[in-house]
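Coordinate analysis (summary)
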Amino acid sequence: MDYVIKLAFVLLIFVYSWFFQIQNQEWDTLRSMLKDANNIAVHDAVQELDEAARAQGQLIIDPEQAYATLKRSLESNLGLDDNLSPQAGSRFRSKVKIIKFDIVDESSGVTFPLLYEDSNYGITKYIQGPSVIAVIQTEHPVLISRTKTQEAITVPAIQEYRFNE
């Protein structure tokens, strides 16, 4: 009987460790997917230039078009609906949120290069030209219920125009 109890205890620890490892793998996969999709989305968004300003020799990003393009790109690359909630067949189980969307361009009167800092999201980068900065977030996958809740997966991305020197 003592052997059976020890075996059950070892089996319980093994199963718990196995689920914990699967949860961590799922976190890695979701973070990688978010990072790739956010990189693509800011790349798409930074191309939404104000054509009238461009004709005058200024690179000014249209904020409404850039945000719409960013959102549309995230929807198509992550399998999300119009509210950024997962559709059937998506790897995600919870809503993706755009928690920061920022445009730094010539319309704000800045000169480049510019040191862009945001301590809330751990972003520090020298920006060489007009840029789109986006931070997206989704809930941490949960396979094992614990008393401590895991922090959400938060992914920043920056895309910039570089001026030729």
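Bear in mind the structure is a predicted one, so any value in this text is a computation, not a measurement. (Residues numbered from 1 in each chain as written. Predicted model: local features only at pLDDT ≥ 70, side-chain atom pairs only at ≥ 80, totals over all residues. Heavy atoms only, no water.)

**So, the side chain of D105**
- For D105, the location among the structural elements is in the loop between β1 (97-104) and β2 (114-118).
- The exposure class assigned to D105 is buried, which follows from its relative accessible area of 2%.
- A polar side-chain atom of D105 sits 2.8 Å from the main-chain amide nitrogen of I61.
- A distance of 2.5 Å separates a polar atom in the side chain of D105 from a polar atom in the side chain of S107.
- Setting aside anything within four residues of it in sequence, one finds D105 in contact with L59, I60, I61, V110, F112 and P130. (Helix = DSSP H or I, 4+ residues; strand = E, 2+ residues; numbered from the N terminus. Buried < 20%, exposed > 50% of the residue type's maximum accessible area, 1.4 Å probe, protein only. Polar contact = N/O pair within 3.5 Å; in protein donor to acceptor, adjacent residues only side chain to side chain. Contact = heavy atoms within 4.5 Å.)

**Some thoughts on the sheet that holds strand β5 (residues 153-160)**
- The three strands are arranged β1-β4-β5 in an open sheet whose pairing can be described as antiparallel. Looking at which strands have only one partner, the edges of the open sheet turn out to be β1 and β5. Put simply, the sheet's adjacent strands are angled 10 degrees from each other on average, direction ignored.
- On the sheet, helix α1 (residues 2-45) packs against β4 (131-138) and β5 and is oriented at approximately 25 degrees with respect to β5.
- Most of the contacts of helix α3 (residues 63-78) go to β1, to which it runs at about 140 degrees, and overall it touches β1 and β4. (Pairing = 2+ DSSP bridges. Axes fitted to C-alpha atoms, helices over the stretch in contact; angles between N-to-C directions.)

**Quick notes on the environment of G109**
- Among the secondary structure elements, G109 is positioned in the loop between β1 and β2.
- Using a relative accessible area of 61% as the deciding quantity, one classes G109 as exposed.
- The spacing of G109 and S119 is ten residues in sequence and 22 Å in space, taken between C-alpha atoms.

**Details of the pairing of strand β3 (residues 123-127)**
- Pairing between β2 and β3: five bridges, direction antiparallel. Bridge assignment links L115 to a residue of β3, and that residue is Y126.
- Linking two consecutive strands that pair antiparallel, namely β2 and β3, is a turn of four residues; a positive phi of about 70 degrees is found at G122 within it.

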